[in-house]
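Descriptive analysis of the structure
Residue strings, one per chain:
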Amino acid sequence: MLKRIIETIKKSKQFNNLVIYGFGQGFNLITPLLVVPYIVSICGEEGYGKIGVGMAVAFFIMVFIDYGSEIIGVKDVAVNREDKTKLESIFITTYVAKFLLLLTMLFFTTVLFNCIPYFSKEKTLFFLSLSMVVGQFVNPTWFLQGVEDFKWITILNILSKAIYLVGVFLFLKQPSDYIYSNLIWGIGMITANAIACMYIVLKYSFSFFNLKKDDVSTLIIQNFTIFSSQIFVSLQMYSPIVLISFFGGNILAGQFKIVDQIIVIFKTYLLLFFNFVYPRVCYLLDKSKKEALRFWKIYNGLNGIFIISCMVIVAVFSIKIVTYFNPKGITEISKLLKMAVLIPIFQCISIPLKQLVLGANKKKEYVKTTMLITIISLAAVVAVTPFYHVFGVLFSLIITEIITALIFYRIIKKDLFVETS
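Here's a quick rundown of the structure. The shown structure was predicted, so the numbers you read here are calculated from the model rather than taken from an experiment.

Helix and strand content of the protein: 17 helices and zero strands. The C-alpha radius of gyration of the protein comes to 21 Å, within 12% of the 22 Å expected for a compact globule of 421 residues. Buried positions account for 53% of the 421 residues belonging to the protein. Across the protein, the fraction of contacts at a sequence separation of at least 24, relative to all contacts at a separation of at least 6, is 84%. Here the protein displays about 19000 Å² of accessible surface, and carbon together with sulfur accounts for 68% of that area. Taken as two groups, the 39 positive and 23 negative side-chain charges of the protein have centres that lie 5 Å from each other.

Here you go:
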C-alpha cells in the first residue's frame, strides 16, 4: 500500500514541482550556513546579534508591505488561475496597494529610527536593513505560488542568495562592516525579484493602465483582518531577539541568533512547505474535501517524519553543529539547541493545521487564534527574558506551538475531519 502511494506521488506533476521547489529552497536554506560562520568570525557574536535585530525589524515591517498577499493573494490567484483578466486585476491591484504601504512605512520608520534611542544608536544598520523591505515589496512569489510556477520561484531564490553569498565575502572585512550585511541581503532580493516580476508582466501581458482605483481601496479594506493577524504572527516570530537584545544585550542576542539560525532552517523549510502545499489544498477543498484531506495527510505526514528525523540528528550532534559557527560559549549554546529542536517538531502539527483553517475560510477564527496566541507568547517572553534569557524564550515558543496546534485542530475538527470520516 505504502509503495503504491509513493509510486503515485513520484509520477505526479505535484512531485515534480516539489523537486524543483525543493532544490531552490535547499539553496535558499544552505546559503546562511555558508556565510554565518564567516560573519561571526569577522563581526563576533555581538555584531551578529545586531545583524539579527536589524533583520528581525525588517521582517516585521515586511508584514505591513505584504498586507496578507502571502495568504489571500495566493488563494485568489490559485482559484482564478485560468482567468487572465482576473489574474491581471489581482496582480496590479496588489502591487499598487503594496507600493502605497511601502511609502507609508518608509515615512514612519524614518521617524522611528531617528527619534527612539534604542534604534538611533544603530541608525545606519536599521536604515540599510530597509533594502530588504523594498525587496519584499517587489517580491512576486505570492503570485508564482498561486499559479504553481515553482521553476521561477527557484530561479529567484537561487539568484537572490547567490548575490548575498558573494556580497558578504567581498564586502565584510572588519567588525564594523556588520552594518552592510542586511543591505547585501536586500540588494539580492531587489535584483532577483525585479527580474521575476518583469517575467510575469511580460508572460501574462499585464498592464497597470487597467488599474481600477476602487479595487485598491477594496483590497486594503478586505485584507485588513488577515493582515492584522499577520502582525501578531510576525511579532511572535521576530520580537524574541529584539527583547533579548534589550534585556540581555547583543551578546545574548547573538547566542540566540546562532541557535535560531540552525532551527530557522527547518522552521523556514516548514513555512516554504506550507507555501508549496497551501495553493493545492485551497484548490482541492474547493472541489472535494475528501480529496483535499487525502492530499494533505500524505504530504504533511511524510514531511513530518522527515523533520522529526532531522531534529533527532541535530540534537545528537548539537556540539559539533554549534562549533561550526565559531562562537565562544559552545557548551551553553548546544544545550539551548537541544531544547530548540522541539519547536520545528510541534510546528509539523500546527502549520499543516493552519493550511486547513485558512483553506476552509475560517479567517475570523484564525485571526482570533493568532492574536490570542501572540499576546500569550509575548507576555510570557517579556516575563521570563529578564530572568531566564534565551532558555526562557525557547520554552515560551515551544508552549506557544502546542497551544496553537490544539486550537487549530478544534476549529476544523467538526467541518473537515468529522464530515469526511
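Picking up after the structure, the text goes on.
So, on to the packing of helix H3 (residues 69–79) against helix H12 (residues 250–287). Direction vectors running N to C along H3 and H12 enclose 55°, while the axes themselves pass 9 Å from each other. The orientation of H3 with respect to H12, classified from their angle, is oblique. Judged by the twist between their axes, the crossing of H3 over H12 is right-handed. Here Ile 71, Val 74, Lys 75 and Ala 78 of H3 lie close against H12, whose contacting residues are Tyr 278, Pro 279, Cys 282 and Tyr 283.

Attention now goes to the nonpolar core. Ranked by internal contacts, the top residues of the largest apolar core, which has 122 residues, are Ile 39, Phe 91, Trp 142, Phe 143, Tyr 366 and Leu 394. Tallying contributions element by element places H12 first for this core, with 19 residues. Val 63, Ala 97, Val 216 and Ile 231 belong to the second-largest nonpolar core, a separate cluster that totals eight residues.

Packing of H12 against helix H13 (residues 289–316) leaves a shortest axis separation of 9 Å and a crossing angle of 170°. The orientation of H12 with respect to H13, classified from their angle, is roughly antiparallel.

A few words on the packing of aromatic side chains. Evaluated as defined, the whole model comprises 28 aromatic pairs. Ring plane angle 75° and centroid distance 6.5 Å describe the contact between Phe 59 and Trp 185, whose orientation is recorded as edge-to-face. Of this pair, Phe 59 sits in helix H2 (residues 13–66) while Trp 185 sits in helix H9 (residues 181–204), and the two are 126 residues apart along the sequence. Consider the rings of Phe 143 and Phe 206, whose centres lie 5.8 Å apart with planes at 90°: the pair is edge-to-face. Note that Phe 143 is positioned in helix H7 (residues 141–146) and Phe 206 in the loop between H9 and helix H10 (213–222), a separation of 63 residues in sequence.

This part takes up the pattern of salt bridges. In total, this model carries six salt bridges according to the counting rule given. Between Lys 98 and Asp 66 there is a salt bridge whose closest N-O contact spans 3.9 Å. With a gap of 32 residues between them, Lys 98 in helix H4 (residues 84–115) and Asp 66 in helix H2 connect regions that are remote in the sequence. The two residues Lys 98 and Asp 66 agree in class, both being buried.

Okay, helix H8 (residues 150–171) next. When the terminal C-alpha atoms of H8 are compared, their 31 Å separation across 22 residues agrees well with the 32 Å that a helix rising 1.5 Å per residue should span. Every buried residue of H8 is listed here: Phe 150, Trp 152, Ile 153, Thr 154, Leu 156, Asn 157, Ser 160, Lys 161, Tyr 164, Leu 165, Gly 167 and Val 168.

Next up on the list: unusual backbone geometry. For Glu 148, which is not a glycine, the phi torsion comes out positive at approximately 60°. Examined against the element boundaries, Glu 148 turns out to sit in the loop between H7 and H8. Positioned with a positive phi, Ser 205 is a non-glycine residue whose angle comes to about 55°.

Here we come to helix H6 (residues 123–138). Between its first and last C-alpha, H6 extends 24 Å over 16 residues, near the 22 Å set by a 1.5 Å rise per residue. Listed in full, the buried residues belonging to H6 are Leu 125, Phe 126, Ser 129, Leu 130, Ser 131, Met 132, Val 133, Gly 135, Gln 136, Phe 137 and Val 138.

Definitions and cut-offs
- Residues numbered from 1 in each chain as written.
- Predicted model: local features only at pLDDT ≥ 70, side-chain atom pairs only at ≥ 80, totals over all residues.
- Heavy atoms only, no water.
- Helix = DSSP H or I, 4+ residues; strand = E, 2+ residues; numbered from the N terminus.
- Rg over C-alpha atoms; globule rule 2.2 N^0.38 Å.
- Buried < 20%, exposed > 50% of the residue type's maximum accessible area, 1.4 Å probe, protein only.
- Contact = heavy atoms within 4.5 Å.
- Areas by Shrake-Rupley, 256 points an atom, 1.4 Å probe, with all protein chains shown as cover.
- Lys, Arg positive; Asp, Glu negative; His and termini not counted.
- Charge placed at Lys NZ, Arg CZ, Asp CG, Glu CD.
- Axes fitted to C-alpha atoms, helices over the stretch in contact; angles between N-to-C directions.
- Parallel < 35°, antiparallel > 145°, perpendicular 65-115°, else oblique.
- Left-handed = near helix turned anticlockwise from the far one by under 90°.
- Core = buried A, V, L, I, M, F, W, Y, C linked by side-chain atoms within 4.5 Å.
- Phe/Tyr/Trp six-rings, centres within 6.5 Å; stacked < 30°, edge-to-face > 60°.
- Salt bridge = Lys/Arg side-chain N within 4 Å of Asp/Glu carboxyl O.
- Expected span 1.5 Å × (residues − 1).

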